[in-house]
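# Geometric and topological summary
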Amino acid sequence: MSDEELIVEFALVRLDNPGLDLEEVAALVVRRVGPERMVEFAGQTLVHRGELRGAVFPAAVEHVLRVVLELRGPRD
């Protein structure tokens, strides 16, 4: 899944759940994409950090949040 596709998925989940914070939306995205993508996302966290801390699910959520925040750019 490309970063752009991930952003679209994140945006769709956020539209369906406007009251949730970013981490909760990222968790829903990880649940929605399934176990294979969850492992892929956790692997990306491993690549980024050089280590995998904790369980696969939180690492996958961390990856989603990192992609979303990086593409949002700096805040004013």
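Treat the numbers as computed from the prediction; the structure is a model and nothing was measured. (Residues numbered from 1 in each chain as written. Predicted model: local features only at pLDDT ≥ 70, side-chain atom pairs only at ≥ 80, totals over all residues. Heavy atoms only, no water.)

Here we come to the pattern of salt bridges. Enumeration according to the criterion identifies 4 salt bridges in this entry. Across the pair R32 and E9 runs a salt bridge whose closest N-O atoms are separated by 3.3 Å. On the criterion of sequence distance, the pair formed by R32 in helix α2 (residues 22-33) and E9 in helix α1 (residues 3-16) is long-range, its members being 23 residues apart. When its relative accessible area of 17% is taken as the criterion, E9 is described as buried. Salt-bridge contacts for E40 lead to R37; the nearest nitrogen and oxygen are separated by 3.2 Å. Of this pair, E40 and R37 are both found in helix α3 (residues 35-49), 3 residues apart, which corresponds to roughly one turn of the helix. R37 gets classed as partly exposed once you look at its relative accessible area, which sits at 31%. (Salt bridge = Lys/Arg side-chain N within 4 Å of Asp/Glu carboxyl O. Helix = DSSP H or I, 4+ residues; strand = E, 2+ residues; numbered from the N terminus. Buried < 20%, exposed > 50% of the residue type's maximum accessible area, 1.4 Å probe, protein only.)

The geometry of α1 relative to helix α4 (residues 56-72) is characterised by a closest axis approach of 10 Å and an angle of 100 degrees between their N-to-C directions. Classed by the angle they form, the pair α1 and α4 counts as roughly perpendicular. Together, D3, L6, I7 and F10 of α1 and H63, V64, V67, V68 and L71 of α4 make up the contact between the two elements. Among the residues forming the contact of α1 with α4, the class breakdown is 7 nonpolar, 1 polar and 1 charged. (Axes fitted to C-alpha atoms, helices over the stretch in contact; angles between N-to-C directions. Parallel < 35°, antiparallel > 145°, perpendicular 65-115°, else oblique. Contact = heavy atoms within 4.5 Å. Nonpolar A, V, L, I, M, F, W, Y, C, P; charged D, E, K, R; others polar.)

With that settled, consider the environment of A55. Here A55 is to be found in the loop between α3 and α4. We classify A55 as partly exposed; its relative accessible area is 46%. Between the C-alpha atom of A55 and that of A42, which follows or precedes it by 13 residues, the distance is 8.7 Å.

This brings us to the confidence of the model for the chain. Confidence in the prediction of the chain, expressed as mean pLDDT, is 89, and 95% of residues score 70 or more. Looking at the elements of the chain, mean pLDDT is at its lowest for α3, recorded as 89, and at its highest for α2, recorded as 95. (pLDDT = per-residue confidence, 0-100.)

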